[in-house]
Amino acid sequence: MIEFVTLGMLMQGKMSGYDIKKITEQTVGIFYKMSYGSLYPALKRLVNSTFVTEEETNDSKNKKIYSITELGQAHFMQWLREPLHSNKREYLIKIFFYDYLDEPTRKQNLIAYQQHVAHHIAQIEAVQTIVSKELEQLEDKSQYYNRVSVMHYGLHFYNMENEWLKKIIDNEGL
């Protein structure tokens, strides 16, 4: 994931490793953490795979400036075009960079992911119906409070996510 985040940041232009980390913290840092200990090895891998070039500056800090290559841009765009998946919130990273993606692919991926979210909502609602009937039979419902609360959280989360997806699919409000 760090390689794709780094490539995405470099789509904005040339940057030092410090700049990449700083901008990542200020943008996607809410849901993605990056350390210098993981960034610099990732930059080295990206340079070795010719997705990124490295330019040494001759200033007092001996700082390196990184640029994305055409091959790196193609690699990044290929990843960006892939369908969205909910693992480790990777989809939030991809959506953050979706301004680089063409409108038809962006919309197709968002709609497909929204259908995935709707499927989760339907599953949780089905379980909720069953659980509600079972809870009616119990004398001490409080023994199941935390388990039921997690189910409610899941339902609220997916409903919120579904509403958010509707807005970005329709390109509503900033």
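Just above, that's the structure.
Scope of this entry: the structure provided in the associated data block. (Residues numbered from 1 in each chain as written. Predicted model: local features only at pLDDT ≥ 70, side-chain atom pairs only at ≥ 80, totals over all residues. Heavy atoms only, no water.)

Some words on the nonpolar core
Heads up, the condition is: As used in this record, nonpolar core signifies buried Ala, Val, Leu, Ile, Met, Phe, Trp, Tyr and Cys residues forming a set joined through side-chain atoms within 4.5 Å. A 1.4 Å probe rolled over the protein chains alone gives each residue an accessible area, and that area as a share of the maximum for its type sets the label: buried under 20%, exposed over 50%, partly exposed in between. In this description a helix means any DSSP run of H or I spanning at least four residues, a strand means any run of E spanning at least two, and both kinds are numbered starting from the N terminus. Residue contacts follow a heavy-atom distance rule, with two residues in contact if any of their heavy atoms lie within 4.5 Å.
Counting residues in each nonpolar core, the largest one holds 44 residues, and the members touching the most others are L7, I20 and L80. Elements that contribute at least two residues to this core include exactly helix 1 (2–10), helix 3 (36–48), strand 3 (64–68), helix 4 (70–81), helix 5 (90–96), helix 6 (103–136) and helix 7 (145–169). Sort the elements by how many residues they give to this core and helix 7 lands first, with seven residues. Setting aside chain neighbours within four positions, we find I20 in contact with T6, M9, L10, M15, M34, L39 and L43.

Notes on the packing of aromatic side chains
Put simply, the rule reads: Ring geometry is summarised as follows: Phe, Tyr and Trp rings, the Trp one being its six-membered ring, pair when their centres sit within 6.5 Å, and such pairs are stacked at plane angles under 30 degrees, edge-to-face over 60 and tilted between the two. A positively charged side chain is recorded as over a ring if its NZ (Lys) or CZ (Arg) lies within 6 Å of the ring centre. The angle to the ring normal must also be within 35 degrees.
Throughout the structure, instances matching the rule amount to nine aromatic pairs. For the pair F4 and W79, a centre-to-centre distance of 4.5 Å together with 5° between the ring planes defines the contact as stacked. Residue F4 is found in helix 1, and its partner W79 is found in helix 4; the two are separated by 75 residues along the sequence. Here F4 matches W79 in class, with each residue buried. Ring pairing ties together the aromatic residues F4, F76, W79, F96, F97 and Y100, which thus form one cluster. The ring of Y36 has K21 sitting right over it, with the charged end atom 5.1 Å from the ring centre.

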